[in-house]
Amino acid sequence: MFYVNKLRDICYRNDFYLSLLLTKDMAGSWLGAHIDGVLLHAGDVRAPADVFGDIYQVFLILGTLVGVVVIAYTLYNSYKYRAQDGAAPESVDRPSLGELPTSGGGGRKLFLSFSISAIIVLSLIGWTYTTLLYVENEPAQHEDRMDVDVVGHRFSWEFVYPNGHSATGTLRVPKNELVQLHLTSNDVFHNFGVPELRVKADAIPGQTTTAWFVGKETGEYAAHCYELCGSGHSYMDATVVVMERDAYREWYNTTSGGNETEAVKP
Amino acid sequence: MSSHEHGLPPKSSISRWFLTTNHKDVGILYIVTALFFLVFGGVLALLFRIELWEPGAQVLSELSYNQSVSAHGLLMVFWFISPFAFGFANYVVPLQMGAEDLAFPRLNALSYWLYLFSGLLFGVSFFQGSTFAGGWTMYAPLNVPAYIPDGALGATTAVLALVMFVASVTVSSVNFLTTMYRMRAEGLRMRDLPIFSVSILLTVWMMLFAFAALLAALMILSADHIIGTKYFVYQITQSGAVTRTVGNEAASLLWAHLFWFFGHPEVYIVFFPALGVMAETFQTFAGRRLVGRKWFILSMVLVALQSFMVWMHHMFLTNINLTIKTVFMATTIGISLPFDLMMFSLIYTLIKGKVRFKTPFLFTLGSVILFIVGGITGVFLGAVVLDYQFRGTYWVVAHFHYVMVGGATALFGGLYYWYPKMTGKMYDEFLGKVNFAMYFVGFNLLYFPMFVAWETPRRVFEYEAGLTVWHQIATIGGLLLGASFLVMFYNLFVSLWRGADAGDTPWEYATSAEWAVSSPPPMDNFPGLPSYRDGSLSFLSESAVAARLRGDGTASTDGGDPTADGGVATGTALDTATETHLETEDVEHADHASIWPFAVGLGAFLTMLGLSGVQQGTIVGTEYAALLGVGGVVTFGSLVAMTREPFHAPEAALAERFPYADVEKLKLGMWVFLASDVVLFGAFIGSHAFIRVAHGWREWHNLIPAEHVTMPGLINTYLLLTSSFLVVLAMVAAKKGSRRGTVLSLVGTLALGIGFLVNKALEWQHLFHVHSEAFPQGWDLSTNVASSTFYLTTGLHGAHVAVGLVICAYMTIRAWNGAYQGDPDAIEYFGLYWHFVDIVWLFLFPLFYIL
Amino acid sequence: MTRTKLYVGIYVVLFAFATVQALVEFAGFLESAYWEAFAAIMVLSAIKAVLVAAYYQHLRWEPRSVSYLVAGGLVAATALTGAAAFSIL
Ligand code: HEM
Ligand SMILES: [Cu+2]
Ligand SMILES: [Cu+2]
């Protein structure tokens, strides 16, 4: 029952089916109106963390189900058709040494089960594809988003704010703000990820990648490097601090184009 | 029966194993060597599993940890799993298809020695300061010297070891393809090959192309190390400050593309032989034929083709665009579907079976279960939004171990399955089952917790304290898995003496031909010429073959009319084969011992080791220079000796050769090699194009001095075109029997080729020393990325020209002594190569001189 | 004998095409109409390559399967180059 509810929940909260039927604007305004009349800030946005959570759960449930059924069926067959001593003579045609290989029967069953598995896989992927489009396109819908540059160094993270302020080791962001990261690297290939906020992207020298998140709860979130970058890789962490909007604004006003280094682990 | 040993010492003699070219011996060498590298890689793994017992670095230093992780991955993926599978391929495939040996037995031995020595070379890299520590995926620019602490010697050696390994793979691919297309028993069509052979055939196809792309990547990387080109670095940073930029925005992405273009096919290259073993053992131990065999094979073919179109699913978090992400998501999911079909086919094969739970079957059944888990978790990764989070975590680690080591599980089943055939002895069944139980439990204890603890970043020793217990379970599982191999080795070793006699066919319901001969099979494999003409295997006596050839010669091909005129071909394949067979009746048991493959391998080892001492264009020590010199002499001398050594590998009088019946085996071998060379050059040219697109196609000109003009290129085009034309004339002259014409044309080719190289040398000298405002220091290999791509790509081509010239010189001398008259095959095959080099230039000329 | 004449004819064509490619640059077409000139030059190269393969390597007279073999390598290399370049456009 829990699963059924969960599934329904996901379907309801999913604006992507809608966007398939309606144009983007219509879907947007419908949803906005539906939630609380006007979109005030990004607190109502379905952040990547929510998207991931839902999909992961569905995959986990279905994946476990399929895995258990298929493995159980395999074991059942191998046990059921085990060779038994003194079994009655049988009428089955067995392969013999030196014959040219041919097919055993059972093609119909093969195609049936294949089709079922194909349908499961394709519909799952079709569904997640709509969420991919959402994740890729959403930041552009938010002109009031906050843009931060993230630069990987061996072995620390540097954050550059819109006003040019640069800080190493800590990224501060206001609560309920859509934060778009623009990542690159100063030396080798890194990967910046904040597991709890479900945001991750490669930091590649010479290239810029993007990723976004919304911090809906204040607090500190750990960030790590997810691409081997040398001897200090294991320690290449940072902290993302989600602050109350007022507190953030206050802090931000004290900054200017300067540098700041907060405690980084050794 | 010593004549049947082809001049080889007995197996008990050590020298036998250095001299052998027999496919069964080579197979055993591969298997034993691969198991050695399994232990090597496994010990490293246990080392870092112990390190992971608790968060933080306790046992290993940071750099040692990175080295262990990287070396473990490289050893397992390259030096263990594929070579292990190819041990079976070597041993079993010729038997299954009814061939006496591979098409080129000495090349087969050469593949083995290159493989062994490449692995030893990798081992040496540990003692040169430190070995490569940038992960088995070797991402750029962490893989270039600028970012490798304390000198890159060991890393360079590791890269060169990989180059050597790829050389081995390429030789082997050419050999297997030629064999499988030209040496099947009469009546055995391609579609009739036993399923293990089918899996190997498709594996080899993928290897041929995928490894050529890897070779390109590795050659470029070696050049970045050794001669200082700048392909894989965007900017060089020292303690935070950028000290150098080279205009190469695409550096990191280029490596990712090249590596994964190889890397994804590689995962199927690793997995297909396992799939073959699964299907083979399921049939045998269930006593059923494979359900939907045709569809099973079709699925494999689809996967093999499509495997070249999914690579960017490893790059979803880079800045590739949404369109391409969509395409690669679709192809990734598409490629998982044929696997569903294959798994169901295996499962349904059990139905109505008489399943016997012998050790080989236990392993392959276990393997199917592991693969199901691995496949399902792979679909998670195929959903891009999920992959965004799984990337770089233990989810990926767990997934690929379930599929890859899951595949290896089937290969261990294969080891138990074919052990009685290879040794004539039965292993101990009880110990086999103990082995399996420990293995399977150990495996799941090791890898399943990684799914639970998936939030752990990959390749770190510092992880969240809350996950410690899962990592401890994994470590315990790792130790158990390791211990299971002690049981396996003990069992297999002791059974060599104590095992019961296995007999020809220890497994009821086995069908393929290896079970129809004694265990182990005799040197020549079969008691007569194998034939399936009557629908099942029979062995034809010499007189029956002769009668068949006299009576109805056409029975032997399904590849069209064998007497049709093959154009310029010098006679039909059947005629040639018959002739060789009858002519060589008495030399058929000729000497099949050769030390030269070993010597070439040794020489290559020394050369590569010497080369690792060249860093950024300067040699770091005289010992390296000496190694380089000695190695070069040994390699070249052995190659010449090998060419001059009389060695005859006759083709059977009757064989199935579709669709290459009219292409003589050496010619087919040459074409297969050229196809892989197409990919090598394609990847070089593609790299250039990619870098240029990333930089801005037309802004590229700013990286090139005005002194770089069209004329030298045009002159070289003329020279090369003319030389190609002369090779054609040489062939025509030889066919007509004009010695004078042949020699003159070959000398002309030689002269023009040398002219080409001289012209190029002059041009390079000039460019190295330009003094312009934009390039005050000249324009050399490391000036910027445009100079790097120019020198390296045309340099690779120049190296091809140089190799061609050496062969051409050799042939000129032989022609002078009267060779080739009326028999221009050798000239023709050399021509194929030379014209190919010409064709490559036809594209390099506009790309590097005009556009 | 006619075969030899054919080889000579092809040699002449190859020589001429190479010259034309260089002339396209000397005539300044790369400045005035870069992409058109680019296309022309590459097409000429492709034709030359096909001629060499078909006649000098006599693929024309070999079983088709040999051409497919080489085409396989060509398709793989093109897929790599094309898709990689497209991915960053
Ligand atoms: C059911 C089919 C499969 C699917 C859908 C699939 C999907 C994927 C994806 C998307 C990744 C990239 C993960 C990432 O780095 O973010 C991946 C990684 C990997 N897969 Fe699979 N896979 C499948 C089967 C296999 C098989 C059969 C093998 C090998 C026998 C394999 C070996 C690997 C390896 C080695 C990696 C990791 C490479 C690395 O980053 O070091 N996969 N897989
Ligand atoms: Cu890192
Ligand atoms: Cu892949």
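The residue numbers shown here count from 1 along each chain, following its written sequence. Labels follow written order: the first chain is A, the first ligand is 1, and so on. Two thresholds apply to this predicted model, a pLDDT of at least 70 for residue-level local features and 80 or more for giving and counting side-chain atom pairs, whereas whole-chain, interface and lining totals are computed over all residues. Only hydrogens and water are set aside; all other atoms, that is, all heavy atoms of the structure, feed into the side-chain values.

Helix and strand assignments follow DSSP, with helices taken as H or I runs no shorter than four residues and strands as E runs no shorter than two, numbered in order from the N terminus. The number of helices and strands found in chain C is four helices and zero strands. In sequence order, the secondary structure elements of chain C are arranged as α-α-α-α. Relative to its length of 89 residues, chain C is extended, with a C-alpha radius of gyration of 17 Å against a globular reference of 12 Å. Judged by the C-alpha coordinates and their principal axes, chain C covers about 45 × 35 × 10 Å. Partly exposed describes any residue whose relative accessible area lies between the buried limit of under 20% and the exposed limit of over 50%, with all areas from a 1.4 Å probe on protein chains only and scaled to the type maximum. Relative to its 89 residues, chain C shows a buried fraction of 47%. If you take every contact in chain C between residues at least 6 apart in sequence, the share linking residues at least 24 apart comes to 62%. Exposure was quantified through the Shrake-Rupley algorithm and a 1.4 Å probe, taking into account, for residues, occlusion by the shown protein chains and nothing else. Put simply, chain C shows about 4300 Å² of open surface, and 76% of that area lies on carbon and sulfur atoms. Asp and Glu are treated as the negative residues and Lys and Arg as the positive ones, with His and the ends of the chain left uncounted. Here the site of a charge means atom NZ of a Lys, CZ of an Arg, CG of an Asp or CD of a Glu. Of the side-chain charges in chain C, 5 are positive and 4 negative, and the distance between the mean point of each set is 23 Å. Throughout, radius of gyration means the C-alpha value; the globule benchmark is 2.2 Å times the number of residues raised to the power 0.38. Only heavy atoms enter the contact rule, under which two residues are in contact if any of them lie within 4.5 Å.

All names here are of chain B. Metal donors: N, O and S atoms at distances within 2.8 Å, or within 3.2 Å for Na, K and Ca, with water omitted from the atom set so that some sites may seem incomplete. Distances from the copper ion (ligand 3) to its protein donors, namely His-264 (ND1), His-313 (NE2) and His-314 (NE2), fall within the range 1.8 to 2.1 Å. The motif formed by the donor residues of the copper ion (ligand 3), counted along the single chain, is H-x48-H-H. A separation of 4.8 Å is found between the copper ion (ligand 3) and the iron atom of ligand 1. Within this pair, whereas His-264 is found in helix α7 (residues 251-286), its partner His-314 is found in the loop between α8 (293-306) and α9 (322-349), the two being separated by 50 residues in sequence. By relative accessible area, His-264 is classed as buried at 7%. Accessibility expressed as a relative area gives 23% for His-314, which makes it partly exposed.

Time to look at the interface of chain A and chain B. Each side of the interface is counted separately: chain A has 85 residues, and chain B has 99 residues. When chain A packs against chain B, close to 8200 Å² is buried across both sides, 66% of that on carbon and sulfur atoms. Any Lys or Arg side-chain nitrogen located within 4 Å of an Asp or Glu carboxyl oxygen qualifies as a salt bridge. Run the count over chain A and chain B and you get seven salt bridges. For Glu-99 of chain A, the salt bridge goes to Arg-289 of chain B, with nearest N and O atoms at 2.8 Å. Polar contacts, as used here, are pairs of N or O atoms within 3.5 Å; protein pairs need one atom able to donate a hydrogen and one able to accept it. Residues neighboring in sequence count only if both atoms are side-chain atoms. At the surface where chain A touches chain B, the tally comes to 33 residue pairs in polar contact (both at pLDDT 80 or more). Of the residues that constitute the side of chain A that touches chain B, the class distribution is 42 nonpolar, 30 polar and 13 charged. Here the buried area means the combined drop in accessible surface, using a 1.4 Å probe, for two parts upon being joined, counting both sides. Amino acids are sorted into nonpolar (Ala, Val, Leu, Ile, Met, Phe, Trp, Tyr, Cys and Pro), charged (Asp, Glu, Lys and Arg) and polar (every other residue, Gly among them).

Another point: the pattern of salt bridges. All names here are of chain B. Applying the stated rule across the entire model yields 22 salt bridges over all chains. Two residues, Lys-433 and Glu-429, come together in a salt bridge whose shortest N-O distance is 3.4 Å. Remark: Glu-429 and Lys-433 occur in helix α13 (residues 429-452); sequence separation between them is four residues, near one turn of the helix. The class for Lys-433 is partly exposed, based on a relative accessible area of 34%. Put simply, Glu-828 and Lys-667 hold a salt bridge, and the shortest N to O gap is 3.0 Å.

Bringing empty space enclosed by the protein into the picture now. Residues and elements named next belong to chain B. Whether a set of points on the 1 Å grid over the protein atoms alone is a cavity depends on a 1.4 Å probe fitting there but being unable to get out, while an open set qualifies as a pocket with protein on both sides within 12 Å along at least five of seven lines; lining residues are those with an atom within 4 Å of a point. Grid points are joined across faces, edges and corners, and a volume is the space filled by probe spheres set on the points. Taken as a whole, this structure holds five cavities of 30 Å³ or more when the rule is applied. Put simply, the largest cavity is a space of about 130 Å³. Broken down by class, the residue content of the lining of the largest cavity amounts to eight nonpolar, four polar and five charged. Considered as a void within the structure, the second largest cavity measures approximately 110 Å³ in volume. Taken together, Tyr-30, Ser-82, Pro-83, Phe-86, Tyr-115, Phe-165, Ser-168, Val-169, Ser-172, Met-207 and Phe-211 form the lining of the second largest cavity. When residues of the lining of the second largest cavity are assigned to their parent elements, the largest contribution, four residues, is made by helix α5 (residues 153-182). Residue composition of the lining of the second largest cavity, by class: eight nonpolar, three polar and no charged.

This part covers the side chain of Glu-158 of chain A. Residues and elements named next belong to chain A. In this fold, Glu-158 is placed in strand β2 (residues 156-160). No salt bridge is formed by the buried Glu-158; its nearest oppositely charged neighbour, Arg-154, is found at 14 Å. At a separation of 2.7 Å, a polar atom in the side chain of Glu-158 contacts the side chain of His-153. With residues up to four places along the chain from it excluded, the contact list for Glu-158 reads Asp-149, Val-150, Val-151, His-153, Ser-166, Ala-167 and Thr-168.

Another point: the pairing of strand β1 (residues 146-153) of chain A. Residues and elements named next belong to chain A. With six of eight residues buried, β1 lies mostly within the body of the structure. Judged from the seven bridges that link them, β1 and strand β5 (residues 178-185) form a sheet pairing that is parallel. What sits directly across from Val-151, in β5, is Thr-184. We treat two strands as partners when DSSP finds at least two bridges between them. For β1 and β2, the ladder comprises five bridges, and the chain directions are antiparallel. Bridge assignment links Asp-149 to a residue of β2, and that residue is Val-160. Two successive antiparallel strands, β1 and β2, enclose a turn made up of two residues.

Right, let's get into the coordination of the copper ion (ligand 2). Residue and element names in this part refer to chain A. The coordination sphere of the copper ion (ligand 2), as far as protein atoms go, consists of Cys-225 (SG), Glu-227 (O), Cys-229 (SG) and His-233 (ND1), spread over 2.0 to 2.6 Å. Of note is the copper ion (ligand 2), whose four donor atoms meet at the metal with angles of 86 to 132 degrees in an arrangement that counts as tetrahedral. In the primary sequence, the donor residues of the copper ion (ligand 2) line up as C-x1-E-x1-C-x3-H. Any site counts as irregular unless it has four donors with all angles between 85 and 135 degrees, making it tetrahedral, or four or six donors with opposite ones more than 155 degrees apart and the rest between 65 and 115, making it square planar or octahedral.

Moving on, we get to the sheet that holds strand β9 (residues 219-225) of chain A. All names here are of chain A. With mixed pairing, five strands are arranged side by side in an open sheet as β4-β10-β9-β6-β7. Strands at the two margins of the open sheet, each flanked by one partner only, are β4 (170-174) and β7 (199-203). Along the sheet, successive strands turn relative to each other by an average axial angle of 20 degrees, direction set aside. Here strand β6 (residues 190-194) runs beside β7; their pairing, made up of five bridges, is antiparallel. Among the inter-strand pairings, His-190 is bridged to a residue of β7, identified as Ala-203. All axes here are fitted lines through C-alpha atoms, helices being fitted over the stretch that makes contact, and every angle between N-to-C directions spans 0 to 180 degrees. Relative to β4, helix α6 (residues 245-254) is tilted by about 125 degrees, and along the sheet it contacts β4 and β10 (238-243).

Residue and element names in this part refer to chain B. Trp-136, Asp-387, His-399, Phe-400 and Arg-458 are the nearest of the 23 residues found near ligand 1. With respect to ligand 1, the side chain of Trp-136 contributes an N or O atom lying 3.0 Å from an oxygen atom. Side-chain polar atom of Arg-458 to an oxygen atom of ligand 1: 2.7 Å apart, as the coordinates give it. Among the elements of the structure, α7, α9, α10 (359-382) and α12 (394-423) are those that each provide at least two residues to the shell around ligand 1. A class-by-class count of the residues in the shell around ligand 1 yields twelve nonpolar, eight polar and three charged. A molecule or strand has a residue near it when one of that residue's heavy atoms lies within 4 Å.

Where interface size is quoted, it is often the accessible area lost as the parts come together. Counting from both sides, the interface comprises 52 residues of chain C and, opposite them, 66 residues of chain B. When the two sides are added together, the surface that chain C and chain B hide from each other amounts to roughly 5000 Å², 78% of it contributed by carbon and sulfur. There are one salt bridge connecting chain C and chain B. Across the salt bridge formed by Lys-667 of chain B and Glu-62 of chain C, the nearest N and O atoms sit 2.5 Å from each other. Viewed at the interface, chain B and chain C are joined by 15 residue pairs in polar contact (both at pLDDT 80 or more). Elements supplying a minimum of two residues to the side of chain C that touches chain B: α1 (2-26), α3 (34-56) and α4 (64-87) of chain C. In terms of residue count, the dominant contributor to the side of chain C that touches chain B is α4 of chain C (17 residues). Counted by class, the side of chain C that touches chain B contains 37 nonpolar, eleven polar and four charged residues.

Tracing the sequence through the fold places Glu-623 of chain B in helix α18 (residues 622-644). A sequence separation of 13 residues divides Glu-623 of chain B from Gly-610 of chain B, and the C-alpha atoms of the two residues are 7.7 Å apart.

Residue and element names in this part refer to chain C. Of all residues in chain C, 98% have pLDDT values of 70 or greater, and the mean over the chain is 94. Averaged pLDDT values for the elements of chain C fall to 88 in helix α2 (residues 29-32) and rise to 96 in α4. We note a pTM of 0.92 for the whole complex and an ipTM of 0.97 for its interfaces. Here pLDDT means the predictor's own confidence in every residue, given as a number from 0 to 100.

Interpretation of the predicted coordinates at a detailed level should be avoided for regions scoring low in pLDDT. Put simply, chain A has an average pLDDT of 84, and 80% of its residues get 70 or more. Taken as a whole, residues 4-39 of chain A scores under 50 in pLDDT and shows 28 contacts with residues more than four places along the chain or in a different chain.

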